[in-house]
Amino acid sequence: MKIFVEQKKPGRTRQSVQPVAMEIIGKPETVRELIETIVHVCVEAFNLKAIEAPDKDNPDTDNRHRVLDQNNIEDSIETGRMTFGIVYNNTTEDYGKAIANALQCYEDGLYRMFLNGVQLGNLDTKIDLAEGDCLTVVRLTLLAGRLW
């Protein structure tokens, strides 16, 4: 099933929120199952990137395919940071820990989720997820700064 997850587009000049397609397996029935499914997809993508990343400490690694083309340069200009695809921490994440952390953060109110503009309730709330629905995740953070 393909859903759209609204993500903040990184950049210094034009920050915006854009829907990004995400392919999930099955049809989650509750908020808990939705979080578990999305975290599983994200951890799988992260682990795949960590496994396929070249070893930065190995001098024999062939990095010739890492040449920047015009699209990569334009993306880097937009984000304000030039990267070469190096993952500095090649460790993979544990699915169980990531899911437990995401569920705990949701229960603690560190982020809220909206399905087609309607806020989702607690973890056991039933949802009716359909193909092409738009999911928005809003991270709630406190502003920190100096008093003076």
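Use the structure listed above.
Please read these numbers as outputs of a predicted model, since none were measured by experiment.

> Mind laying out the overall build of the protein chain, listing which residues take part and the relevant values?
The number of helices and strands found in the protein chain is three helices and five strands. Starting at the N terminus and walking to the C terminus, you meet the elements of the protein chain as β-β-α-α-α-β-β-β. Restricting the contact set of the protein chain to residue pairs at least 6 apart, pairs at least 24 apart contribute 57%.

> Explain helix α3 (residues 95-107) residue by residue, including any values.
Counted at 1.5 Å a residue, the expected span for α3 with its 13 residues is 18 Å, and the 18 Å between its end C-alpha atoms agrees. The set of residues buried in α3 consists of Ile 99, Ala 102, Leu 103, Cys 105 and Tyr 106. Projected onto a plane normal to the axis of α3, the buried residues spread over an arc of 160° and lie on a single side. Residues of α3 that are exposed and angled more than 90 degrees away from the buried face: Lys 97 and Glu 107. Where α3 ends, the next residue or the one after it, Gly 109, has phi of about 80°, a positive value.

> Quick one: what's the story with the nonpolar core, residue by residue and with numbers?
With 23 residues, the main nonpolar core has Leu 34, Ile 35, Tyr 106, Met 113 and Leu 120 as its most contacted residues. Setting aside its immediate chain neighbours within four residues, Leu 120 contacts Val 31, Leu 34, Tyr 106, Met 113, Leu 115, Ile 127 and Leu 135.

> So what's going on with the pattern of salt bridges? Which residues, and what values?
Using the criterion set out here, one finds two salt bridges in the structure. Asp 128 serves as the salt-bridge partner of Lys 27, at 3.4 Å between the closest nitrogen and oxygen. Of this pair, Lys 27 sits in the loop between β2 (16-23) and α1 (31-52) while Asp 128 sits in the loop between β4 (118-119) and β5 (134-139); the two residues are 101 residues apart in sequence, bridging distant segments of the chain. A relative accessible area of 41% means that Lys 27 is categorised as partly exposed. Across the pair Asp 124 and Arg 32 runs a salt bridge, and its minimum N-O distance is 3.5 Å. You can see Asp 124 sitting in the loop between β4 and β5 and its partner Arg 32 sitting in helix α1, a full 92 residues away along the chain.

Procedures and definitions
Residues numbered from 1 in each chain as written. Predicted model: local features only at pLDDT ≥ 70, side-chain atom pairs only at ≥ 80, totals over all residues. Heavy atoms only, no water. Helix = DSSP H or I, 4+ residues; strand = E, 2+ residues; numbered from the N terminus. Contact = heavy atoms within 4.5 Å. Expected span 1.5 Å × (residues − 1). Buried < 20%, exposed > 50% of the residue type's maximum accessible area, 1.4 Å probe, protein only. Arc of directions from axis to C-beta. Core = buried A, V, L, I, M, F, W, Y, C linked by side-chain atoms within 4.5 Å. Salt bridge = Lys/Arg side-chain N within 4 Å of Asp/Glu carboxyl O.

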